[in-house]
Amino acid sequence: MQFYSLNGKSPSVSFAEAAMQGQAPDGGLYFPSEIPQHNWLHSNEWKHRSLVEIGVDIMRPYCAGSLPPEVLENIVYETLCFPFPLCELTSEVYVLELFHGPTLAFKDVGARFMSRCLEHLNKDGDKKMTVLVATSGDTGGAVAAGFAGIEGVEVVILYPAGKVSPVQEMQLTTWGGNIRALKLSGSFDDCQAIVKQAFQDKDLNEKYRLTSANSINVARWLPQQLYYASAMQQWQQDVEPVISVPSGNFGNLCAGMLLQQGGLPVKQFVAACNANDVVVDYLHGSAMDDRKTIATLSNAMDVARPSNFVRIMQMFEHDRKKLSAQLAAYSVSDEETVSTMQHACSQLQYIADPHGAVALYALLQYLEKHPGNKGMFLETAHPIKFPDTVAHAINELPYMPEEVRDLYQKPQHVTELAADYDSFKALMMG
Ligand SMILES: *Cc1c(COP(=O)(O)O)cnc(C)c1O
């Protein structure tokens, strides 16, 4: 399988090259030359096979020629090392919990798959690979956990001081070894600007083999299809599900829609956004305009211009009408997020995190307008990652999993830095 750039000005590449490059040289996102069709998804037999087997079948066409079969099997096995339970809340509303991984967020799936791919692909490289990543919270932790202890790869994480939650910060700083955490006295945008500049810096690129770990990388995007397959294995209802996805950069939703195009029987996808709702407006007829990022309670979804949306457009031949027939979209305010957390707690006996609550709200809106349907929402993070918001909404602290309690015992390894490029460069060159 080849991957082509959606900007159309770079040559097509293999999975291996796309994973090592991240973004195409022309600045475009890579897209597979064809969407593999899995006719077996329409039968019921596959529901009894192991998820690892299914996962290998889904990933094989993409990775063929880049990863030997036994390597792919092993990577899928190590990626799917935690469960994705589908839980019933009412006879119509289900929740797919994606937070049982090492950093308690769904990003663990993509990060684990990608880290193991790069380890294999860089095996014979003469230079160590350095993954540079700016994070506003969840990405950095998932990437750090995915790469911790991986041979030949070093990770440098930049995060804004005082702007990530305590649990998120410990998930960045308690690794040591090949994981380096830099705490910058600035904003997330400052961190991202420094990472962008680093990729253009000749001196740094001579010294390091730099790569990015953001969600546009195909090795992070494509394996996200696997938990949608797990959800359908567990779906016992007589109607196809509506699936509501809390969306920021739209990688998660885009992976689900890709598998739907490959044959997964989903009735309808719902894009659940917070106040950063440019896609919602676009699907309802507005232009795709430039906007400023708005800070919300579901901060992992505070993205003004979602990078992965162009991949969804590509799947629908850039036909807005065709896409809006297949994709419902809702914008959910902070007030609605909080009231949904309260409703979930008191009426459904469920503690949702703010991101899951956005998706639950959108699902309930959709089901109300389209009676007779049943659906699920994706719970993308454990509520303990957002303790202040949750406690404020429901007067209760979520249960603290053992992994989180352990974090408080571990020493932190962190370098504090001014948020300017020269300080960063001096540190890296020193
Ligand atoms: C990253 C993130 C999202 C948004 O996912 P995208 O793939 O960027 O749309 C939603 N919820 C949580 C908890 C996240 O960390």
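The model shown is predicted, which means the values in this text are computed figures rather than measured ones.

## Points about the overall build of the protein
Regarding its fold elements, the protein presents 19 helices and 13 strands. Its C-alpha atoms give the protein a radius of gyration of 21 Å, near enough to 22 Å, the size a compact globule of 430 residues would have. In terms of its C-alpha atoms, the protein occupies a principal-axis envelope of roughly 65 × 50 × 45 Å. Residue burial in the protein is summarised as follows: out of 430 residues, 58% are buried. The contacts of the protein with a sequence gap of at least 6 include a subset with a gap of at least 24, amounting to 74%. Accessible surface, the protein as shown: approximately 17400 Å² in total, 48% of it carbon and sulfur. Each charge sign in the protein was given a centre, from 32 positive and 48 negative side chains, and these centres are 5 Å apart.

## Quick look at the site of the ligand
Contacts to the ligand come from 15 residues, most closely from Lys107, Asp138, Gly248, Asn249 and Thr380. Here an oxygen atom of the ligand sits 2.8 Å away from a polar atom, N or O, in the main chain of Asn249. In the environment of the ligand, an oxygen atom lies 3.2 Å from a nitrogen or oxygen atom belonging to the backbone of Gly251. Against a free-state accessible area of 390 Å², the protein chains account for coverage of 97% of the ligand. Looking at side-chain class alone, the shell around the ligand contains 6 nonpolar, 7 polar and 2 charged residues.

## Let's talk about the packing of aromatic side chains
Inspection of every chain in the model, using the stated rule, returns 13 aromatic pairs. Between Tyr228 and Phe269 the ring centres are 5.8 Å apart and the planes differ by 75°, which places this aromatic pair in the edge-to-face class. Residue Tyr228 is found in helix 10 (residues 225-234), and its partner Phe269 is found in strand 10 (residues 268-273); the two are separated by 41 residues along the sequence. Taking the relative accessible area as the measure of exposure, Phe269 reaches 0% and is therefore buried. A connected cluster of aromatic rings, assembled from ring pairs, spans Phe82, Phe84, Tyr227, Tyr228 and Phe269.

## Concerning the side chain of Asp138
Examined against the element boundaries, Asp138 turns out to sit in helix 5 (residues 138-147). Overall, the relative accessible area of 8% leaves Asp138 in the buried class. With residues near it in sequence (within four places) discarded, Asp138 still touches Ala105, Lys107, Gln168, Ala300, Ala381, Lys385 and Phe386.

## Looking at the nonpolar core
Core analysis: the biggest nonpolar cluster contains 95 residues, and Phe15 and Ile312 have the highest contact counts within it. Counting residues per element, this core draws most heavily on helix 2 (residues 51-63), at 7 residues. Each residue touching Ile312, except ones within four places of it in the same chain, is listed here: Phe250, Leu253, Cys254, Met257 and Leu323. The next biggest cluster of nonpolar side chains, apart from the first, holds 29 residues, and it includes Ala272, Leu348, Tyr361 and Ala393.

## Quick notes on the pairing of strand 4 (residues 93-97)
Taken across its 5 residues, strand 4 has 5 buried, putting it largely inside the fold. Burial along strand 4 is two-sided: Val93, Val95 and Glu97 and Tyr94 and Leu96, pointing in opposite directions, are all buried. Bridging between strand 4 and strand 12 (residues 375-379) involves 5 bridges; their strand directions are parallel. In the strand pairing of strand 12, Val93 is matched with Gly375.

## Examining the sheet that holds strand 5 (residues 129-134)
Within the open sheet, the 5 strands sit side by side as 8-5-6-7-13. Their pairing is parallel. Of all strands in the sheet, those bounded by a partner on one side alone are strand 8 (209-212) and strand 13 (414-418). Going from strand to strand, the sheet's axes swing by 25° on average, the running direction of each strand aside. Of the strand pairs in this sheet, strand 6 (residues 153-160) and strand 7 (residues 179-185) are connected by 6 bridges, and their pairing is parallel. The residue of strand 7 that forms the bridge with Pro160 is Leu184. Where helix 5 meets the sheet, its contacts fall on strand 5, strand 6 and strand 7, and the angle it forms with strand 6 comes to roughly 160°.

## A closer look at the environment of Asp353
Tracing the backbone through its elements, the reader meets Asp353 in the loop between helix 15 (334-347) and helix 16 (354-369). Residues Asp353 and Asn178 lie 175 residues apart in sequence; the distance between their C-alpha atoms is 31 Å.

## Comments concerning the sheet that holds strand 4
Taken together, 6 strands build an open sheet; the order of strands is 3-4-12-9-10-11 and the sheet is mixed. Edge positions in the sheet fall to strand 3 (86-88) and strand 11 (327-331), since each has one partner strand and no second. Each adjacent strand pair in this sheet contributes to an overall mean axis angle of 25°, direction not counted. Inspection of the sheet shows strand 9 (residues 242-246) paired to strand 10 by 5 bridges, in the parallel sense.

## Some details on the state of the cysteines
Scanning all chains against the criterion turns up 0 disulfides. Of the cysteine sulfurs around Cys81, a residue in no disulfide, the closest is that of Cys117, at 15 Å.

## Concerning the pattern of salt bridges
Oppositely charged side chains are able to pair whenever their charged atoms sit close together. Using the criterion set out here, one finds 13 salt bridges in the structure. Several salt bridges converge on common partners, so that one network encompasses Arg49, Glu53, Asp57 and Arg60.

The rules behind these values
Here the residue numbers are simple positions, counted from 1 along each chain's written sequence. Reporting of local features is limited, given that this is a predicted model, to residues whose pLDDT is at least 70; pairs of side-chain atoms are given and counted only at 80 or more, and all residues count toward the totals for whole chains, interfaces and linings. Excluded from the side-chain calculation are hydrogens and water; included are all heavy atoms of the structure. Secondary structure follows DSSP: runs of H or I at least 4 residues long count as helices, runs of E at least 2 residues long count as strands, and numbering of each begins at the N terminus. In this treatment the radius of gyration is a C-alpha quantity, and the globule benchmark scales as 2.2 Å times the residue count to the 0.38 power. Between buried and exposed lies partly exposed: a residue is buried under 20% and exposed over 50% of the maximum accessible area for its type, with that area taken using a 1.4 Å probe on protein chains only. Residue contacts are defined here by distance: any two heavy atoms, one from each residue, within 4.5 Å place the two residues in contact. Computed with a 1.4 Å probe, the accessible areas rest on the Shrake-Rupley method; for each residue, only the protein chains presented here act as cover. His is not counted, nor are the chain ends, whereas Lys and Arg count as positive and Asp and Glu as negative. Lys charges are placed at NZ, Arg charges at CZ, Asp charges at CG and Glu charges at CD. The criterion for a residue being near a molecule or strand is simple. One of its heavy atoms has to lie within 4 Å of it. Side-chain atoms alone can form a polar contact between residues adjacent in sequence; in general such a contact is a pair of N or O atoms within 3.5 Å, and within protein one must be able to donate a hydrogen while the other accepts it. Amino acid classes used here: Ala, Val, Leu, Ile, Met, Phe, Trp, Tyr, Cys and Pro are nonpolar; Asp, Glu, Lys and Arg are charged; the rest, including Gly, are polar. Within 6.5 Å between ring centres, the rings of Phe, Tyr and Trp (the latter by its six-membered ring) count as paired, and their orientation is classed by plane angle as stacked under 30 degrees, edge-to-face over 60, tilted in between. We call a set of buried Ala, Val, Leu, Ile, Met, Phe, Trp, Tyr and Cys residues a nonpolar core when their side-chain atoms join them within 4.5 Å. The criterion for strand pairing is that DSSP finds at least two bridges linking the strands in question. Interaxial angles span 0 to 180 degrees and are taken between N-to-C directions of axes, which are lines fitted to C-alpha atoms, for helices over the stretch in contact. The rule for a disulfide is simple: a pair of cysteine sulfur atoms within 2.5 Å. Only one rule defines a salt bridge in this text: a Lys or Arg side-chain nitrogen within 4 Å of an Asp or Glu carboxyl oxygen.

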